[in-house]
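Next come the chains, spelled out residue by residue.
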Amino acid sequence: MTSPTGLFALAPWQLLLYLTVAIVAPALCRRLGRAALIVLALLPAATTVWAAALLPSVMAGGALTSSTRWVPAIDLAIDLRMDALAMALTLIIAFIGMLVLLYSARYFPPDDDGLGKYSGSLVAFAGAMLGLVWADNLILLVIFWELTGILSYLLIAHRAGKKSSRMAASQALMVTTGGGLVMLVGAVMLGTLAGTFTISQILANPPQGPLITTSVVLLIVGGISKSAIVPFQFWLPGAMAAPTPASAYLHAATMVKAGIYLFLRLGPAFAVLGIWQPLLVTLGGATMLFGAVIALRQRDLKLLLAYGTVSQLGLMTLLIGSGNPDALLGGLAMLIAHATFKAPLFFTVGIIDTSTGTRDLTKLSGLGRKAPLLAVLATLAAVSMAGIPPMLGFAAKEAGYAGLLDGGTWGLVAVTAMAVGSAITVAYSARFIWGAFAAKSGVPAADPAPTSALMVGPAAVMVAIGLVLGLFPGLLEPLLQSYAQTAGPTHDDAMALWHGWSLPLALSAAGWLVGAGLFAGQRAWERRRERIARPGVEPGVAYRVAIKGVDSIADGVTTATQRGSLPVSLGAILMVLVLFPGSMLLTSGVGPADVEVLGQPATLVICVVILAVAAATLRARKALPAVLMVGGVGYSVAVLFIIRGAPDLALTQILVETITLVAALLVLTRLPDDVLFAKHRGNGFRAVIAVSAGALMTMLALIIPGARVAEPVSAGLAGPAVEFGGGYNIVNVILVDVRAWDTYGELTVLIAAATGVASMIFLVRRTGRAPRRPTPEVQAGRPHEPSPWLATNWMPRRSLLLEVVTRMIFHVIVVFSVYVLFVGHDEPGGGFAAGLIVGLALALRYIAGGAYELGEAAPWDPGILMGIGLFIASATAIYGVIAGGAALESTILKATVPLLGDLKFVTSSIFDIGVYFIVIGLVLDVLRAMGAELDRQGMLERGDPPVGARDREGAR
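Each value, and the rule that gives it
- Residues numbered from 1 in each chain as written.
- Predicted model: local features only at pLDDT ≥ 70, side-chain atom pairs only at ≥ 80, totals over all residues.
- Heavy atoms only, no water.
- pLDDT = per-residue confidence, 0-100.
- Helix = DSSP H or I, 4+ residues; strand = E, 2+ residues; numbered from the N terminus.
- Contact = heavy atoms within 4.5 Å.
- Phe/Tyr/Trp six-rings, centres within 6.5 Å; stacked < 30°, edge-to-face > 60°.
- Buried < 20%, exposed > 50% of the residue type's maximum accessible area, 1.4 Å probe, protein only.
- 1 Å grid on protein atoms, 1.4 Å probe; cavity = no way out; pocket = protein on both sides within 12 Å on 5 of 7 lines; lining within 4 Å.
- Points joined across faces, edges and corners; volume = space filled by probe spheres on them.
- Nonpolar A, V, L, I, M, F, W, Y, C, P; charged D, E, K, R; others polar.
- Axes fitted to C-alpha atoms, helices over the stretch in contact; angles between N-to-C directions.
- Parallel < 35°, antiparallel > 145°, perpendicular 65-115°, else oblique.

Draft legend 1. How the structure looks around the confidence of the model for the protein chain. When the pLDDT values of the protein chain are averaged, the result is 85; 88% of them are 70 or greater. The element-level mean pLDDT for the protein chain is lowest in helix H37 (residues 947–955), coming to 40, with helix H17 (residues 372–385) highest at 96. In the model, residues 764–775 has pLDDT below 50 throughout and makes 37 contacts with residues more than four positions away in sequence or in other chains. Low pLDDT, under 50, characterises residues 946–956; the stretch is placed with 19 contacts to residues that sit more than four places away or in other chains.

Here it is in structure tokens:
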């Protein structure tokens, strides 16, 4: 099939649209309240209409494809593909996502303060699931796989104030992420062995061999962890801590269906592997029986449905594990049927909970008379869950039985497990209806509050779909056959309401009778004991015991190895460095080659200076001189860079050394002057480690250049830097163009580290301007008049010269930083250096005027600055894709302007602007945490009012 173009094309922008809407969703909720959810439902509604328009073409055996270059250097592209299987999941994800948003618009109270986070997470989750089922690249599949795990964590932990919600979310994240890591290993193995990471190509020509079996098993491990298959079944019931609409979405359409989708995707190609049937049939059968038995013992209606989902996921795995085309067809039919009955059942539980205040079936009585429409809808959905005609669940189960009966020995094992599990399913389906709607003796009749049509309507729509498709299951036949026939020939008319008198029908009828008997027997047993059975063991006990054990081991190892001493930790690292690489170097027999002993005479002079300053540092007995001399070593190294023709490195070294020196001095203001030189035993041992590490690094520096056998990469960069990167500064072009992904990753890590370190030191919120009125110190007779040179200065010790110099050069430095920022593509400079220059200007302003002056110079939140920088860098990556190239690929813009002449602008300079903001935010964070907060503590120790008091005084 030829992929359509325009709005009907399958393209990454559709996924980006979900991300964009998710970002603006919180603001929309603040503006419109619950009505924003109705507006947000338009996006999945549009996706549903779009997919439905393409459904006839896909059912005919076609597929939509899209490929966008992402990281060409490693042949990574955003490959998307929608065939029959992906189409079925797309319609489920989008349509039920729309209904969940509409339902949520009345489920949550108007004053719910978490509505913005919930709506954004839900929309992003829908986009991630669509990306997962559309992905035609193994690595891209894993990326979306992990995104769904993170977003499901946010949905489960919606009520963050409850410990149970946080623990359930953490448990789900740990289990599914662990499985995802195993899956990543399998994906890399499979793609490497197959010679391509394109899923459609791998499935069209599946590779063979023992390592292929290993890689497929690793992928299956990821799938069973995501779909709560034994032994990972425990996390799913715990996830019921999520709001009920989110639970409906996770169970009926998204999260837990991801693993089933993976099995369905791999089945046509890899069901022939010897491990496929035994593994999936065993795990699926065990899961089906376990979930069904535990569901039959639940009192909480939501938990009953949760364990029911576990059981039905086991049934789908059982069908797919059988591996033949008819069983695969039955597995996909069961997935669709499950969506049509599980969503309305969860919607029903949400209505019952919000209208009566309870989900405990022992406290509900007579609700069927008070809410007859809801009772009818729930009964029809439960009938479908039990596999009783005329609902879709019956037709899907019949197709599953027919497929298993043609599955050989393992098919017979699967039929047995399915028959037993189906009977128990009938029992807990009846228990759900009885518990929710029946009148119970001795229990007060329920008095439900009125329910909005926006909550009943979605349930009615899904039940109606299940009924129509149950009466006319042939409507699904083309879609199911289009998928199943990729595994081989199938039987015609697999989906039908009546196949005549057959063994599948007999098995279904036996299940109805046995299930009804089980329910009746359970009710009789409970009446005799006058109590409702409770589950014997809470879910996840083994997980919690394992996590507690791991925590204990980690605490022991940390206590033994991390003594809280920087010299000890650094010494251990250096010892390992000396012992292992050092011993290998000594035994290798490799020595220096082509060593230039002297070189330029100035180099020798600088080396002597470095050695002298280093030796003087060892002799220092005060912290301040020692820190200054360490800075002197760094500045001397910068001079070496200049002599060797590396002005970019020299500029960066000088700026970093200066910022580091300022930070160290800020810390020393709160420490004793001799804190760095307290007497310790073992200094001789430390000296041996230091000399050995220095000698090793010296030898490596001498040997490694002579050991090179290939031409340096830098030799071929001069031309491409100009031609493709549009710049003559090769270092900067490498950072923002050639290896921009490395820089982007480093920026992300830098922001995370800066936020974490600053948070561990202090939490400082001083971002506003300084007060204009005299402070209590002035009123108390300690006059510290404002400086005429600075915006404010309440420092007890003032330097008039420093104030004048700061006033004169601060703005000049900031303007100079902008110059350094924009010339960095052709001259020494760039975003990193320019950001450090602004940081030095802010440090100067702080040193001259203190915390208030810093607040006046930069009244911004450092986190917002870093966030803006990361957003700009991300936008640059997206622009490269939109422009038809790869992410972060540069575009060179040239124009001739009157008077100014020929001008050039490279879009990677925008990426550099993002770096600029991030570095400014980082330095500001350091100054706030290590400077302004230390000043505040000093004022408290002196008895001065804290900064907050001054702020309030200024406000008055």
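Draft legend 2. Seen up close, the packing of aromatic side chains. All chains considered together, the criterion is met by 12 aromatic pairs. Considering the side-chain rings of Tyr-103 and Tyr-107, the 6.0 Å spacing of their centres and the 20° angle between planes classify their relative orientation as stacked. Of the two residues, Tyr-103 and Tyr-107 both sit in helix H4 (residues 84–107), 4 residues apart, roughly one turn of that helix. Accessibility expressed as a relative area gives 10% for Tyr-107, which makes it buried. Here the aromatic rings of Trp-434 and Phe-519 are separated by 6.4 Å at their centres, their planes lie at 65°, and the arrangement is edge-to-face. Residue Trp-434 is found in helix H19 (residues 408–437), and its partner Phe-519 is found in helix H22 (residues 503–529); the two are separated by 85 residues along the sequence. An identical accessibility class is assigned to Trp-434 and Phe-519; each is buried.

Draft legend 3. Examining empty space enclosed by the protein more closely. In total, this model carries 7 cavities of 30 Å³ or more according to the counting rule given. Space inside the largest cavity adds up to approximately 90 Å³. Leu-138, Leu-141, Ile-199, Arg-265 and Leu-266 are the residues nearest the centre of the largest cavity, which is lined by 14 residues in total. At the level of elements, helix H6 (138–156), helix H7 (163–194), helix H8 (199–204) and helix H12 (257–270) are the ones that each hand at least two residues to the lining of the largest cavity. A per-element tally of the lining of the largest cavity places H12 first, with 4 residues. Looking at the lining of the largest cavity residue by residue, the classes come out as 13 nonpolar, no polar and 1 charged.

Draft legend 4. The packing of H4 against helix H5 (residues 115–134), seen in detail. At a minimum axis distance of 9 Å, the contact between H4 and H5 shows a crossing angle of 175°. Looking at the two axes, H4 sits roughly antiparallel to H5. Together, Ala-86, Leu-89, Thr-90, Ile-93, Val-100, Leu-101 and Ser-104 of H4 and Tyr-118, Leu-122, Val-123, Ala-126, Met-129, Leu-130, Val-133 and Trp-134 of H5 make up the contact between the two elements.

Draft legend 5. Region of interest: the environment of Gly-267. Take Gly-267: it is sitting in helix H12. Since its relative accessible area comes to 1%, Gly-267 is described here as buried. Each C-alpha atom of the pair Gly-267 and Ala-487 lies 7.6 Å from the other, and the pair is 220 residues apart in sequence. Excluding anything up to four places from it in sequence, Gly-267 contacts Trp-276 and Leu-328.

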